[in-house]
Amino acid sequence: MGVMRLGRAELRVMDLEKSAEYYKNIIGLDETARDGERVYLKAWDEYDHHSVVLKKADSPGIDHLAFKVERSDDLDKFESKIEQFGLTLTRVSNRTRAGEGEAIRFQLPTGHFVELYHEIEFLGTKTGTLNPHPWPDGLRGIAPHRLDHVLMTGDDLTNTTRFFVDVLDFRQSEKIMTVDGEQMVGSFMFKTNTAHDIAFIKGPDAKLHHCAFHVDNWYDVLKAADILTRHEVPIEVTPTRHGITRGETIYFFDPSGNRNEAFASGYITYPDFPTITWTEDKIGQGIFYHRRELMESFVKALT
Ligand SMILES: [Fe+2]
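Residue indices begin from 1 for each chain and proceed along its sequence in written order. Reporting of local features is limited, given that this is a predicted model, to residues whose pLDDT is at least 70; pairs of side-chain atoms are given and counted only at 80 or more, and all residues count toward the totals for whole chains, interfaces and linings. Values reported for side chains reflect all heavy atoms of the structure, with hydrogen atoms and water molecules removed beforehand.

### Side note on the environment of Gly284
Runs of E in the DSSP output that reach at least two residues are strands. Runs of H or I that reach at least four are helices, and both are numbered from the N terminus. Tracing the sequence through the fold places Gly284 in helix α5 (residues 283–287). The buried label goes to any residue with under 20% of its type's maximum accessible area, the exposed label to any with over 50%, and the partly exposed label to all in between, with areas taken from a 1.4 Å probe on protein chains only. The exposure class assigned to Gly284 is buried, which follows from its relative accessible area of 7%. Separated by 165 residues in sequence, Gly284 and Glu119 have C-alpha atoms that sit 41 Å apart. In what follows, a contact means two residues having at least one pair of non-hydrogen atoms within 4.5 Å. What Gly284 contacts, discounting residues up to four positions off in sequence, is Tyr289, Arg292, Glu293 and Leu294.

Take a look at the structure:
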């Protein structure tokens, strides 16, 4: 039993049409379905029905993120573990959203909603699974391989980390601690073998910091910057490297003000990977390795 990966993020957007255009043509996702208030999208290298859901709302942010589990009976097993931890849980019935089977939904100590699911419609990729070419014709925009990770803000990072590690069997790749070592102010966790599948930094509860998409390498991060400038998309941070995860990165904003990231590289992790510690006085270098300081928007622009 177990969580396999981050499967989807449902983002709140204010103008559904404008946002769908942005995620399709600038990010380069494919639309796979839509209903009254939602548009469903997937990256070209993802097999499942969708990884990003845009939901029309009055304010931006994240409705929920969801992890795919290996087996359908994992939901029952996780249900009791999650309730034992003390979180309230509800069942999301089959086909509440397009392509999705049943899910369990609960609220983290940071106030974010998370779902676990197994069943989702399988669409496959344009390159297929038989003698595939490395990428399909007709890619648009940044054209990431997949949804990579989500970073959110909240107050109780200690209990949230404990939940992911003890209940969902994640591991912590890196953490940021106050200089006296007393308080955790950043937590980066993985279940796959990437540097992080989910992360939290200290801040207001229930907020989204950014939603990241995976591109291959440094050149693709640079090319993402070219595409964003060509289309006059607001860029917060031009291409640089993170100290934490060692990833290569660019931050920018969707039409509703949700921060996006094109993220490349970073080390790979294993279950015996020790947790790396950053002290808060080095947080600037941890987040932006070259600039060595955070800009004001990085901590203030939350949705
Ligand atoms: Fe990130």
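### What about helix α1 (residues 16–27)?
By the burial criterion, the buried members of α1 are Leu16, Ser19, Ala20, Tyr22, Tyr23, Lys24, Ile26 and Ile27. Where α1 begins, one side-chain oxygen reaches toward the backbone nitrogen of Glu17, 3.2 Å away; that side chain belongs to Asp15. A positive backbone phi angle near 100 degrees is found at Gly28, which sits one or two residues after α1. Any pair of nitrogen or oxygen atoms within 3.5 Å is treated as a polar contact; in protein, a donor-acceptor pairing is required on top of that, and neighbouring residues in sequence qualify only through side-chain atoms on both sides.

### Concerning the packing of helix α2 (residues 74–85) against helix α3 (residues 157–167)
With their axes 11 Å apart at the nearest point, α2 and α3 run at an angle of 150 degrees to one another. One finds that α2 runs roughly antiparallel with respect to α3. For the pair α2 and α3, the sense of crossing is right-handed. Residues Phe78, Lys81, Ile82 and Phe85 of α2 lie in contact with α3, whose contacting residues are Asn159, Arg162, Phe163, Asp166 and Val167. Inter-axis angles, ranging from 0 to 180 degrees, are taken between N-to-C directions of lines fitted to C-alpha atoms, where helices are fitted over the stretch in contact. Our angle categories are set so that under 35 degrees counts as roughly parallel, over 145 as roughly antiparallel, 65 to 115 as roughly perpendicular, and the remainder as oblique. Crossing handedness: left-handed means the near helix sits turned counterclockwise from the far one by under a right angle, and right-handed means the same turn made clockwise.

### Observations concerning the domain arrangement of the protein chain
The split into domains, and so the bounds of each, comes from an automatic or database assignment of domains. When the domains of the protein chain are assigned, the result is domain 1 (3–117) and domain 2 (146–300). Relative placement of domain 1 and domain 2: their C-alpha centres are 20 Å apart. Contacts between the two partners involve 40 residues from domain 1, matched on the other side by 42 residues from domain 2. Of the roughly 3100 Å² buried between domain 1 and domain 2 on both sides combined, carbon and sulfur atoms contribute 75%. The term salt bridge refers to a side-chain nitrogen of Lys or Arg lying within 4 Å of a carboxyl oxygen of Asp or Glu. Connecting domain 1 to domain 2 are zero salt bridges. Taken together, the connections running from domain 1 to domain 2 amount to eleven residue pairs in polar contact (both at pLDDT 80 or more). At the level of secondary structure, the elements contributing two or more residues to the side of domain 1 that touches domain 2 comprise β1 (3–13), α1, β5 (61–69) and α2. Among the elements that line the side of domain 1 that touches domain 2, the one with the most residues is β1, at ten residues. As used here, buried area is the combined drop in accessible area, with a 1.4 Å probe, of two parts when they are placed together.

### Looking at a negative patch on the surface
Residues enter patches when their relative accessible area tops 30% and they take part in no salt bridge; the joining distance is 9 Å for like charges and 5 Å for the nonpolar side chains Val, Leu, Ile, Met, Phe, Trp and Tyr. All accessibility values rest on the Shrake-Rupley procedure with a 1.4 Å probe; residue burial counts only the protein chains present in the view. Charged residues are defined here as Lys and Arg on the positive side and Asp and Glu on the negative side; His and the ends of the chain fall outside this count. Working definition for charges: the position is that of NZ of Lys, CZ of Arg, CG of Asp or CD of Glu. Negative charge collects at one region of the surface, where Asp180, Glu182, Glu280 and Asp281 lie side by side. One can find Glu280 in the loop between β17 (276–279) and α5. With relative accessibility at 36%, the residue Glu280 sits in the partly exposed group.

### Section: the pairing of strand β2 (residues 30–34)
For two strands to pair, DSSP has to find at least two bridges joining them. Here β2 runs beside strand β3 (residues 38–42); their pairing, made up of four bridges, is antiparallel. The residue bridging Glu31 from the neighbouring strand is Leu41, located in β3. Connecting β2 to the next strand, β3, in antiparallel fashion are three residues.

### Regarding the packing of aromatic side chains
Any two aromatic rings considered together are summarised by their centre-to-centre distance and by the angle between their planes. Ring pairs are drawn from Phe, Tyr and Trp, using the six-membered ring of Trp, whenever the two centres fall within 6.5 Å, and their geometry is named by plane angle: stacked under 30 degrees, edge-to-face over 60, tilted for the rest. In this structure the tally under the stated criterion is 14 aromatic pairs. Measuring from ring centre to ring centre gives 6.0 Å for Phe67 and Phe164, while their planes differ by 75 degrees; the resulting arrangement is edge-to-face. With Phe67 in strand β5 and Phe164 in helix α3, this pair connects stretches of sequence that are 97 residues apart. Centroid distance Tyr251 to Phe298: 5.9 Å. Interplanar angle 45 degrees. Geometry classified as tilted. Of the two residues, Tyr251 is situated in strand β15 (residues 247–253) and Phe298 in helix α6 (residues 296–300); the sequence distance between them amounts to 47 residues. In this pair, the class of Tyr251 matches that of Phe298, namely buried. Note on geometry: a ring has a charge over it if NZ (lysine) or CZ (arginine) is within 6 Å of the ring centre and within 35 degrees of the ring normal. Here the guanidinium or amino end of Arg8 rests over the ring plane of Tyr117, the centre of that ring lying 4.3 Å away.

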